[in-house]
Every structure is written in C-alpha cells, then in structure tokens.
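Notes for the structure review
So the chains spell out like this:
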Amino acid sequence: MTRRQPAPAKLNLTLHVTGRRGDGYHLLDSLVVFAGVGDVVDLSPGPLSLTVDGPFAAGLDAGDDNLCLRAARAIGGHAAIRLTKNLPVASGIGGGSADAAAVLRAFAAQGLMLPDAPERLGADVPVCLAGRPARMRGVGEVLDPLPPVPPIPVVLVNPGVAVATPAVFAALESRDNPPMPAPDWADADGLIRFAAACRNDLQDAAIRLAPAIGEVLAALAGQGARLARMSGSGATCFGLFDSTEAARRAADAISRPGWWVVETELAG
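Below: a short report on this structure.

Cut-offs applied
Residues numbered from 1 in each chain as written. Predicted model: local features only at pLDDT ≥ 70, side-chain atom pairs only at ≥ 80, totals over all residues. Heavy atoms only, no water. Helix = DSSP H or I, 4+ residues; strand = E, 2+ residues; numbered from the N terminus. Contact = heavy atoms within 4.5 Å. Buried < 20%, exposed > 50% of the residue type's maximum accessible area, 1.4 Å probe, protein only. Pairing = 2+ DSSP bridges. Polar contact = N/O pair within 3.5 Å; in protein donor to acceptor, adjacent residues only side chain to side chain. Phe/Tyr/Trp six-rings, centres within 6.5 Å; stacked < 30°, edge-to-face > 60°. Lys NZ or Arg CZ within 6 Å of the ring centre and 35° of its normal.

Re the environment of L104
- Mapping L104 onto the fold places it in helix 2 (residues 96-108).
- Considering only alpha carbons, one finds L104 and F238, 134 residues apart in sequence, at a separation of 27 Å.
- Once you skip the residues sitting within four places of it in the chain, L104 turns out to touch A71, I75, L114, P115, L121, V125 and L129.

Here is the structure:
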C-alpha cells in the first residue's frame, strides 16, 4: 500500500541569529509557518530506493546522501520512495528538511519509532516534522507550538539562484543578535505587524552573495506587499498581502523568465 505525505514549504517569517555554540552551530530564534505549496513524498513496498520527479527534479542529487534516504535509514525503514520535487532546491523554504520529515511521518504511520534528535538530519527537520506554526530556537530542536496562523495570501519568489547555507552563515557580520520578542498577535494584521518588527539576520549576508535576492524583495515591495522578506538562508523570498486578488496581481506582475513565482497562502 502506497503512503503519501505532503512536504509543505516552510517559511521563516522571522529569523534571529542569537549566538554560536562551541561546535560551530548557530543558535536561532525563528517564527516558522508553512505555505499551501510543497513537495510530495510517496512510499511503496520494496527495498530502500529513491526516485525523483517533478519540475525541480533535475537540480536534486538522488544519491545515498539525499535527506530522504538518510531519514529512512535513521528510522530503520525500507520502502521505495518517490519524491515529487515541486520546490526549488537549496532555496530556504525547507526543501530537503521537509522531504525528510515527510519520510519520517510516513514510516511512523507504519508503526516505526521516530529517531532521537531529528535535528541531526537538518536544523529544520524537527519543525517540519511537527508541521505546524512554531517558535523554533536552539539549533532547531527547541519548539514552542503556536496557535494556527490566519490564511494570509503570500507570494513566493525564487530568482533561480541556489544559495549555500554555510556560505551565508560565513558571511554574517554579527552572530550575537537580540532574540525575537514573544510571539503575539490576534489576527492577520497583528501577525504581519509582529513579523515586520522582527528580522531575518541572514538576509543582508545572502544579498551580498546573491544580489538577485535584493531584486526580488524590491519587486515584492513594489507590488504592495505588507512585508517582503527572505526565508531561511535564501534565496526564496515571500511577500504578505492583504487579499488574494492583490497577491495574484503581484505574482503576475513579478513573473519573469528564470524566476519561480507562486501565489498561495499561509497554511494553519
């Protein structure tokens, strides 16, 4: 019997870098939510294997180090894994971590025990495994669940450049920044205002490495986004809008060759 699990795009509405541990891992404080688009993972009976299809399959290494296979080995599962790659690779919106989390969920649904310290697979794996809005701290292992977020219209834009997370962290000018305030909002307007008052401390470093990120942010702001910000370590950016119609107009206006542009909404 085939088991299907969604792997929705993860968005860091905020991302504060608050320090670095002795082992080199950075400490984070982030408001993480999910979007209504993502990859899809299917598990079918068979020996452990991975096939990849979808619009971004060509940019993904399906070898033994792929996070889907690493997740399967971590939980002790055996199946033929099919990954439909709808999200850009190395794009700051969960991607491989969301795919790994989907594999773990699928095997857990068969009765296997989740591995200890899933953050060892990737900092975003625990929050993607939870699959709900959360305040993510530490190196990704400390999660404070938050209430569902309003279905705010959002436009996701990737300029077609891959940004290596280690390079972005290496380019940081400051690693000891103030933490995020306690999340607090009552409605969509409150959530946008809260996020706008916070930061993504990786954004400036990523723009220095990939100036196209700045072009994306300017395009989103120019189309009336209430908040335009990079997610994670980039290069995908998001724009939050007041209405679905405004988001659709913005997506149409921003679209250009080589850019991935999707209009969707924040999901629960």
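Observations concerning the pairing of strand 6 (residues 134-138)
- Where burial is concerned, most of strand 6 is hidden: four out of the five residues are buried.
- Pairing geometry for strand 3 (residues 26-44) and strand 6, over five bridges, is antiparallel. Note that in strand 6 the partner of L28 across the bridge is G138.
- Pairing analysis gives four bridges linking strand 6 to strand 7 (residues 142-145), with the strands arranged antiparallel. Its bridge partner being in strand 7, R135 is matched across the sheet by D144.
- Connecting the antiparallel pair strand 6 and strand 7 is a turn made up of three residues, with G140 showing a positive phi of about 115°.

Topic: the side chain of S233
- Inspection of the secondary structure assignment puts S233 in the loop between strand 9 (227-230) and strand 10 (237-240).
- A residue is classified by how much of its surface remains accessible, and S233, at 8% relative accessible area, is buried.
- Polar side-chain contacts of S233 include one of 2.8 Å to the side chain of T165.
- With sequence-adjacent residues up to four places away left out, S233 is seen in contact with G92, V163, T165, V168, L202 and A206.

Some points on the pairing of strand 8 (residues 153-158)
- Counting buried positions over the six residues of strand 8 gives six, a clear majority of the element.
- Residues P153, V155 and V157 of strand 8 are buried on one face, and the alternating residues V154, L156 and N158, pointing to the opposite face, are buried as well.
- The pairing of strand 8 with strand 11 (residues 260-267) spans six bridges and is classified as antiparallel. Looking across to strand 11, one finds that V154 is bridged to T264.
- Sheet topology places strand 8 next to strand 10; four bridges connect them, and they run antiparallel. Of the residues in strand 10, the one forming a bridge with V154 is L240.

Points about the packing of aromatic side chains
- Using the criterion set out here, one finds two aromatic pairs in the structure.
- Here the aromatic rings of F56 and W260 are separated by 6.4 Å at their centres, their planes lie at 85°, and the arrangement is edge-to-face. Linking F56 in the loop between strand 4 (49-53) and helix 1 (67-75) with W260 in strand 11, this pair joins segments that are 204 residues apart in sequence.
- Judged by relative accessible area, which is 25%, F56 ranks as partly exposed.
- With relative accessibility at 13%, the residue W260 sits in the buried group.
- When the ring of W185 is compared with that of F194, the centres are 6.2 Å apart and the planes differ by 50°; the resulting orientation is tilted.
- Accessibility expressed as a relative area gives 19% for W185, which makes it buried.
- Owing to a relative accessible area of 10%, F194 belongs among the buried residues under this scheme.
- Just above the ring of W259 sits the side chain of R256; from NZ or CZ to the centre is 3.9 Å.

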